[in-house]
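Architecture and fold: a report
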Amino acid sequence: MIPKALMILLFFATINPALAQVTLLDDFEFSAPWQPIASDGVKIDTSTVAGFSGRGIRIDFDFVAGAGYCGIQKPFPMALPANYKFTFYVKADAPVNNFEFKLLDESGDNVWWVNQR
């Protein structure tokens, strides 16, 4: 078992307030569609666990080299409306770290992100 663990229990949705329309992007019942990514010297493993509602994705990680990054990613082809937001639940048992949420365009060259220190 990887000694340091981060458990993420997620529910993603886009919301258009004008229409009050919610779109479920992923129910996180399965971790397989999500691709783990990590820098050299970082171990990462994913599994599913009981979540806030249904299942959630658990991410176990260990920064063996002392620094780096890791996460999970999955493509969601969509056009975002002018007004939107993403909501999700996060639960963690890990050393103090940064949490980043990133969106990439189709090319993968343009990134928008929020970094919570």
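These remarks concern the structure in this document. As the structure is a computational prediction, the values presented were derived from the model and not from experiment.

1. Things to note about the overall build of the protein chain
- If you tally the helices and strands in the protein chain, you get zero helices and nine strands.
- Starting at the N terminus and walking to the C terminus, you meet the elements of the protein chain as β-β-β-β-β-β-β-β-β.
- Relative to its 117 residues, the protein chain shows a buried fraction of 27%.
- For the protein chain, the proportion of contacts with a sequence separation of at least 24, taken over those separated by at least 6, is 57%.

2. Some remarks on the packing of aromatic side chains
- All chains considered together, the criterion is met by eight aromatic pairs.
- Ring geometry for Phe86 against Phe101: centres 5.2 Å apart, planes inclined by 55°, an arrangement best described as tilted. Here Phe86, found in the loop between β7 (70-73) and β8 (99-104), pairs with Phe101, found in strand β8; they are 15 residues apart in sequence, far enough to count as distant. Phe101 matches Phe86 in its accessibility class, with the two residues each being buried.
- For the ring pair Phe88 and Phe101, a centre distance of 5.4 Å and an interplane angle of 25° mean the geometry is stacked. Highlighted residues: Phe88 in the loop between β7 and β8 and Phe101 in strand β8, separated in sequence by 13 residues.
- A relative accessible area of 13% means that Phe101 is categorised as buried.
- An aromatic cluster of at least three residues, connected via ring pairs, comprises Tyr84, Phe86, Phe88, Phe99 and Phe101.
- Over the ring of Trp113 we find Lys102, and its NZ or CZ is 5.9 Å from the ring centre.

3. Points about the pattern of salt bridges
- Taken as a whole and judged by the stated rule, the model has three salt bridges.
- For Asp26, the salt bridge is made with Lys74, and the minimal N-O distance between the two is 2.6 Å. Placement of Asp26 in strand β3 (residues 21-26) and of Lys74 in the loop between β7 and β8 is noted, with a sequence separation of 48 residues between them.
- Judged by its relative accessible area of 26%, Lys74 falls in the partly exposed class.
- In this structure, Arg58 and Asp60 form a salt bridge, with 3.0 Å as the shortest nitrogen-oxygen distance.
- On the basis of relative accessible area, Arg58 is assigned to the buried category, the value being 18%.
- The exposure class of Asp60 is buried, given its relative accessible area of 7%.

4. Things to note about a nonpolar patch on the surface
- Judged by side-chain polarity, Met78, Leu80 and Tyr84 come together as a nonpolar surface patch covering roughly 240 Å² of accessible area.
- With respect to the helices and strands, Tyr84 occurs in the loop between β7 and β8.

5. Regarding the layout of surface pockets
- By volume, the largest pocket is sized at about 1,600 Å³.
- If you trace the largest pocket, you find 43 residues lining it, with Ile72, Gln73, Glu100, Phe101 and Lys102 closest to the centre.
- Elements with a minimum of two residues in the lining of the largest pocket: β1 (5-8), β4 (35-38), β6 (55-63), β7, β8 and β9 (111-116).
- Among the elements that make up the lining of the largest pocket, the one with the highest residue count is β8 (six residues).
- Split by residue class, the lining of the largest pocket holds 31 nonpolar, seven polar and five charged.

Procedures and definitions
- Residues numbered from 1 in each chain as written.
- Predicted model: local features only at pLDDT ≥ 70, side-chain atom pairs only at ≥ 80, totals over all residues.
- Heavy atoms only, no water.
- Helix = DSSP H or I, 4+ residues; strand = E, 2+ residues; numbered from the N terminus.
- Buried < 20%, exposed > 50% of the residue type's maximum accessible area, 1.4 Å probe, protein only.
- Contact = heavy atoms within 4.5 Å.
- Phe/Tyr/Trp six-rings, centres within 6.5 Å; stacked < 30°, edge-to-face > 60°.
- Lys NZ or Arg CZ within 6 Å of the ring centre and 35° of its normal.
- Salt bridge = Lys/Arg side-chain N within 4 Å of Asp/Glu carboxyl O.
- Patch = residues over 30% accessible without salt bridge, like charges linked within 9 Å, V, L, I, M, F, W, Y side chains within 5 Å.
- Areas by Shrake-Rupley, 256 points an atom, 1.4 Å probe, with all protein chains shown as cover.
- 1 Å grid on protein atoms, 1.4 Å probe; cavity = no way out; pocket = protein on both sides within 12 Å on 5 of 7 lines; lining within 4 Å.
- Points joined across faces, edges and corners; volume = space filled by probe spheres on them.
- Nonpolar A, V, L, I, M, F, W, Y, C, P; charged D, E, K, R; others polar.

These results come straight from atomic positions and should not be treated as a statement about function.
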